Amino acid sequence: MKTAKPLSIYVHLPFCASLCAYCSFPRLVYREEWAELYLRKIESDLEAFEPGSFLTAYVGGGTPSALPNGLLAPFLSKLRPLLKEGAEFSFEANPEDIDGEKAALLSSCGVSRVSMGMETSREEALAFLGRRADPKATAKAVECLRSAGIENVSLDLIYGLPGETLDEVRSDIEALLAIRPSHFSTYSLEINPGSRLSARGYEEAPDDVLSEQLELIKEEGRKRGFRRYEVSSFALPGFECVHNKTYWKDEEYVGIGMGAAGYENGIRYRNSPFFVPFLEGKGREEEKVEGNSAIEYYLLTNLRLSDGFLASDFEAKFGVPFLERFGKAADALAKAGLLETGKGRVAPTDRGLDLLDRILLELYNSL
Amino acid sequence: MPYKKSLIRNFSVVAHIDHGKSTFCDRILELTGAVEARNFHSQFLDDMPLEQERGITIKLNAVTVSYKSKDGNEYLFNLIDTPGHVDFSYEVSRSLAACEGAILLVDATQGVEAQTMSNAYLAIDNDLMIVPVINKCDLPSARPEEAKREVEDRIGISTADCVECSAKTGMGVRDALEKVVELVPPPEGDPEAPLKALIFDSYYDSYRGVVVLVRIKEGTVKVGDEILLMAANKKYLVTEVGIRTPKERPTGELSAGEVGYLAAGVKDIKDVFPGETITSAANPCDKPLPGYRHINPMVYCGLYPVDTRKYEDLKEALGKLSLNDASLVYEPESSKALGFGFRCGFLGLLHMDVIQERLEREYGLDLILTAPSVSYRAKVQGGETIEVSNPSEMPAPQSLVSISEPYVDASIIAPKSYVGPVMELCTNRRGIYQDIVFHEEDRVEIRYSMPLSEIVFNFFDALKGSTKGYASLDYEFSDYRESDLAKMDILLNGEVIDALSSIVYRPDAYKRGLALVSKLKTIIPKQLFEIPIQAAINGKVVARADVKSVRKDVLAKCYGGDISRKKKLLEKQKEGKKRMKAIGSVEVPQEAFMAVLSIDEKDE
């Protein structure tokens with residue numbers, strides 16, 4: 001197992017101007033005094049790292065862009081020196097937070113990539129999701145970013161809203177592609193038990209409806225040159241997210257912030273998702289990754305990539321060839337058209353990416 | 001020293017389920033000081049946790065307590081409990097045969113229900129003095145006068161001596177006991193005559209073997225006596241005799257009129273069925289007590305461990321349960337789909353439920369039950385008759401001459417406004433109308449002769465459904481009748497799944513087949529390929545539904561690299577998958593095998 005220091009860092013900024021109905025990530029409504037306390041803690045956590053430690057950084061949330069420039073600038077200037085020259089530096093934003101001033105700040109602090117939650121192009125759908133954005137905001141924000149020199153923009157798109165039609169999905173993906181992002185991610189709406197949407201009686205759309213909508217999104221993306229390189233990520237050549245690929249390659253990364261997950265020295269951890277315990281440095285959950293669990297993590301991550309993994313990498317890591325360990329299950333999955341195991345590579349087919357959980361359960365059960 | 005017979009009262013309390021019998025018995029035990037109030041374990045007679053939870057009594061029990069009457073005498077009460085469910089009416093009748101009297105407990109808010117009547121008739125059949133007691137009179141909705149009138153009109157016993165009480169508050173319970181002293185006759189019998197004792201219950205004890213509860217009708221039994229079980233024709237040496245207060249207290253002997261327990265090194269509980277007569281091996285009585293019946297299971301099902309490696313565990317658990325339950329029968333069987341398991345026979349559906357729950361809860365087993373079946377009688381070429389309690393044993397159509405099935409006399413009591421729906425339901429279930437009795441007020445008793453298989457097929461739920469829960473049901477086996485029956489197979493992905501086969505009334509086969517495949521379609525999760533589900537009779541498909549193949553199944557959102565959460569979700573799914581049975585390439589959840597029971601009337 002590799003012991004080299006992680007080359008990626010994730011920083012979680014939990015504050016949001018308003019809370020979206022479907023979100024289940026650690027988040028807080030923005031209040032200045034909380035944000036100050038929080039950033040003080042983050043900045044002190046960052047002091048543990050040498051300058052030039054990381055190849056990628058990702059600032060996620062929450063809504064990092066919801067922080068006022070006066071708080072963002074000092075934080076970003078603490079983080080930036082930790083990155084190597086030419087590192088990928090991603091920042092999550094809400095479209096309506098981005099104006100010329102904020103775009104200039106991000107650019108001057110070294111942010112090279114901005115990921116924005118466009119989600120949908122339709123006003124009523126935004127309202128359903130509890131988002132405050134107006135449908136034109138994304139295009140305006142992208143304009144500002146480009147003017148400030150940030151060309152690499154990723155957009156998020158949600159599909160599978162209750163009662164959503166194929167035509168509505170088409171208008172969303174067309175609107176998204178018209179903004180010409182270099183990358184987009186798409187997710188079907190998850191309605192977890194206990195969430196606000198579930199309490200209001202909504203259910204997730206059936207899998208055949210979701211599948212039809214996803215096919216449409218894939219097809220439109222393909223026409224514009226996007227490749228689906230991960231279950232829900234699509235990129236133009238050269239614009240795959242390097243940071244996210246560290247997750248999918250089962251590599252280690254540092255997680256900073258409330259509820260942030262990390263993976264260091266063979267231990268996966270998650271910081272407390274609650275404000276006060278987090279500030280006090282308490283409530284971190286840890287899991288030593290070993291034995292079969294290590295194999296399970298490896299498959300869960302690597303098989304999300306359309307390129308899968310090299311058979312030789314698996315063997316080097318676990319000391320046994322993949323096909324020896326999983327021969328029967330892998331054969332069945334190959335016959336079902338979900339997995340390809342030829343040419344020294346193990347990779348899901350396009351259908352396999354849509355049915356990844358079935359693949360994983362088959363493989364887990366034959367461990 | 002035997003107790004003075006004139007001061008003994010042997011009685012039971014009988015009631016419809018939920019009419020407050022257990023609470024009433026608790027109050028008796030308190031009043032007689034049998035149980036100290038501070039140690040009082042509510043509902044003492046129901047000593048299995050499961051019974052307490054379900055509020056029903058399954059295992060019979062009996063206690064001996066002393067009661068100081070207002071007349072100044074101290075009486076010995078033998079309170080004999082009876083199970084309160086239709087599955088156990090034979091046991092009830094044997095318990096009643098051990099008594100001279102019975103308290104008939106009627107809920108003042110509900111009045112006379114189906115089991116009130118059937119229990120009352122059992123008591124009358126056994127020549128018992130009946131003391132009617134109206135319970136729950138403390139409730140605002142109590143209507144004791146109406147309840148009394150129902151007792152008079154419908155059961156035909158006088159309520160001149162009726163007591164109103166509330167077991168909950170204790171009001172009137174002592175008055176009821178005074179009525180027992182006054183009205184229930186003391187036992188008869190000659191302590192010097194040849195021994196004649198009735199077994200009305202038994203339980204297994206690993207040190208002493210089977211312990212039986214007995215009522216001595218004639219003669220005396222002592223430690224060291226050699227006894228003869230007349231129906232089993234087996235002899236044993238008595239090792240212990242005593243009474244239960246409710247703790248066991250050895251007394252060395254029991255004589256005519258008394259109730260107590262006896263141990264004699266009996267190893268197998270199936271040798272001491274309720275109703276059996278004990279006599280002296282040296283000086284036997286001339287004939288056994290009347291009323292003994294060897295009772296056969298009414299309902300059968302296959303029991304299989306989900307994990308085939310747990311077969312031995314299941315075998316051991318069934319062995320242990322049957323030590324204490326003479327009416328549970330089982331024998332090994334195997335299924336192509338489910339592997340090795342057991343075909344088990346039960347007195348009824350409740351009995352089946354209780355055994356399943358005990359196996360799962362007390363023995364930690366994960367079980368698959370196949371749909372319950374009754375025992376059919378198939379006449380084949382050559383004149384032989386075969387008992388068919390498993391659909392897979394059904395003879396091939398070409399060798400089958402005729403087939404008959406058990407019928408029951410069913411009695412349903414419901415408010416008048418539900419007569420239509422009840423009759424419609426019974427007719428749909430092949431019921432043959434017998435008669436209908438309009439009682440005072442709002443209530444009607446409807447009697448049908450019906451195939452037991454229709455009752456087993458979810459009848460009670462359907463009845464509750466069509467009467468908003470107001471109907472009560474009682475039934476009793478009557479006879480076997482020839483029917484137009486056929487075996488219906490279910491095919492998954494083109495393969496017959498033996499454990500899903502059932503025997504159906506041929507004219508209903510089409511609609512039942514359709515209802516079943518539609519139900520299975522909702523139970524079997526989508527898989528990687530499309531799965532046709534077919535119902536077929538003699539190879540001819542009568543109904544079909546398809547489970548479409550799954551097209552999307554992936555946990556997409558994976559923010560900030562929180563991969564552990566995804567893995568936990570997958571592990572949960574993995575556990576769920578373990579509880580499914582892989583049959584060929586199809587994964588089938590446990591409940592699919594009971595699907596036939598969860599079909600609603602509207603599905604048909």
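Look up: the structure comes first, before these words.
Numbering of residues starts from 1 in each chain and follows the order in which that chain's sequence is written. Lettering for chains starts from A, numbering for ligands starts from 1, and both go in the order in which the items are written. Reporting of local features is limited, given that this is a predicted model, to residues whose pLDDT is at least 70; pairs of side-chain atoms are given and counted only at 80 or more, and all residues count toward the totals for whole chains, interfaces and linings. The basis for every side-chain value is the complete set of non-hydrogen atoms in the structure, without hydrogens or water.

## What about empty space enclosed by the protein?
Argument step 1. Residues are said to line a cavity or pocket when one of their atoms sits within 4 Å of a point; the points come from a 1 Å grid over protein atoms alone, cavities being sets where a 1.4 Å probe fits but cannot get out and pockets being open sets with protein on both sides within 12 Å along at least five of seven lines. Grid points are joined across faces, edges and corners, and a volume is the space filled by probe spheres set on the points. Tallying each qualifying case throughout the model produces 6 cavities of 30 Å³ or more.
Argument step 2. Empty space within the second largest cavity amounts to approximately 70 Å³.
Argument step 3. A class-by-class count of the residues in the lining of the second largest cavity yields 8 nonpolar, 3 polar and no charged. Charged means Asp, Glu, Lys or Arg here, nonpolar means Ala, Val, Leu, Ile, Met, Phe, Trp, Tyr, Cys or Pro, and polar covers whatever is left, Gly included.

## Side note on the environment of Ala414(B)
Residue and element names in this part refer to chain B.
Argument step 1. Helix numbers and strand numbers start at the N terminus; a helix is a DSSP run of H or I with at least 4 residues, a strand a run of E with at least 2. Here Ala 414 is to be found in strand E23 (residues 400–415).
Argument step 2. For each residue, the accessible area found with a 1.4 Å probe, counting protein chains only, is set against the maximum for its type, and the residue is called buried under 20%, exposed over 50%, and partly exposed in between. The exposure class of Ala 414 is buried, given its relative accessible area of 1%.
Argument step 3. Remark: the alpha-carbon pair of Ala 414 and Ala 471, spanning 57 residues in sequence, is separated by 4.4 Å.
Argument step 4. Whether two residues are in contact is decided by their heavy atoms, any of which lying within 4.5 Å being enough. Apart from the residues within four sequence positions on either side, Ala 414 is in contact with Val 422, Asp 442, Arg 443, Val 444 and Ala 471.

## Overview of a negative patch on the surface
Residue and element names in this part refer to chain B.
Argument step 1. Together, Asp 125, Asp 127, Asp 409 and Glu 476 make up a negatively charged patch on the protein surface.
Argument step 2. Within the secondary structure, Asp 125 is located in helix H4 (residues 114–125).
Argument step 3. For Asp 125, a relative accessible area of 60% translates into the label exposed. Patch construction takes residues with relative accessible area above 30% that form no salt bridge. Like charges are linked within 9 Å, and nonpolar side chains (Val, Leu, Ile, Met, Phe, Trp, Tyr) are linked within 5 Å. Surface exposure here means Shrake-Rupley accessible area, sampled with a 1.4 Å probe, where a residue is shielded only by the protein chains that are shown. We define a salt bridge as a contact between a side-chain nitrogen of Lys or Arg and a carboxyl oxygen of Asp or Glu at a distance within 4 Å. Positive charges are assigned to Lys and Arg, negative charges to Asp and Glu, while His and the chain termini are left out of the count. Throughout, a charge is located at the NZ atom of Lys, the CZ atom of Arg, the CG atom of Asp or the CD atom of Glu.

## Let's talk about the pattern of salt bridges
All names here are of chain A.
Argument step 1. According to the stated counting rule, one finds 64 salt bridges over all chains in the structure shown.
Argument step 2. Here Arg 122 and Glu 164 are joined by a salt bridge, their closest N and O atoms 2.5 Å apart. On the criterion of sequence distance, the pair formed by Arg 122 in the loop between strand E6 (113–119) and helix H4 (123–129) and Glu 164 in the loop between strand E7 (152–159) and helix H6 (166–178) is long-range, its members being 42 residues apart. The burial state of Arg 122 is the same as that of Glu 164; both residues are buried.

## Looking at the interface of chain A and chain B
Argument step 1. On the side of chain B, 28 residues touch chain A, which itself brings 47 residues to the contact.
Argument step 2. Interface of chain A and chain B: buried area, both sides summed, is about 3,600 Å²; carbon and sulfur atoms make up 54% of it.
Argument step 3. Buried area counts how much accessible surface, traced with a 1.4 Å probe, disappears from two parts once they are put together, with both parts' losses summed. Broken down residue by residue, the surface that chain A buries against chain B is led by Asp207(A), Asp357(A) and Arg358(A), which jointly contribute 17%.
Argument step 4. Taken together, chain A and chain B are joined by 6 salt bridges.
Argument step 5. Across the pair Lys567(B) and Glu296(A) runs a salt bridge, and its minimum N-O distance is 3.5 Å.

## Looking at the packing of aromatic side chains
All names here are of chain B.
Argument step 1. Classification of ring pairs uses Phe, Tyr and Trp, with its six-membered ring standing for Trp, and accepts pairs whose centres are within 6.5 Å; under 30 degrees between planes counts as stacked, over 60 as edge-to-face, and the remaining range as tilted. What the rule picks out here adds up to 28 aromatic pairs over all chains.
Argument step 2. Where Phe 11 meets Phe 77, the ring centres are 5.2 Å apart and the plane angle is 85°; that geometry is what we call edge-to-face. Of this pair, Phe 11 sits in strand E1 (residues 8–15) while Phe 77 sits in strand E3 (residues 74–80), placing them 66 residues apart in sequence. Both residues of the pair, Phe 11 and Phe 77, count as buried.
Argument step 3. Ring geometry for Tyr 433 against Tyr 448: centres 5.7 Å apart, planes inclined by 75°, an arrangement best described as edge-to-face. Residue Tyr 433 is found in strand E24 (residues 432–438), and its partner Tyr 448 is found in strand E25 (residues 443–451); the two are separated by 15 residues along the sequence.
Argument step 4. With relative accessibility at 3%, the residue Tyr 448 sits in the buried group.

## Structural notes on the pairing of strand E4 (residues 101–107) of chain B
All names here are of chain B.
Argument step 1. Most of E4 is tucked away: 7 of the 7 residues are buried.
Argument step 2. Neither face of E4 is left uncovered, since the one carrying Gly 101, Ile 103, Leu 105 and Asp 107 and the one carrying Ala 102, Leu 104 and Val 106 both have all their residues buried.
Argument step 3. DSSP bridges decide pairing: two strands pair if at least two such bridges lie between them. Bridge count between E1 and E4: 5 bridges; the pairing is parallel. When the bridges of E4 are listed, Val 13 appears paired with Ile 103.

Take it as geometry only, folks, not as evidence of what the structure does.
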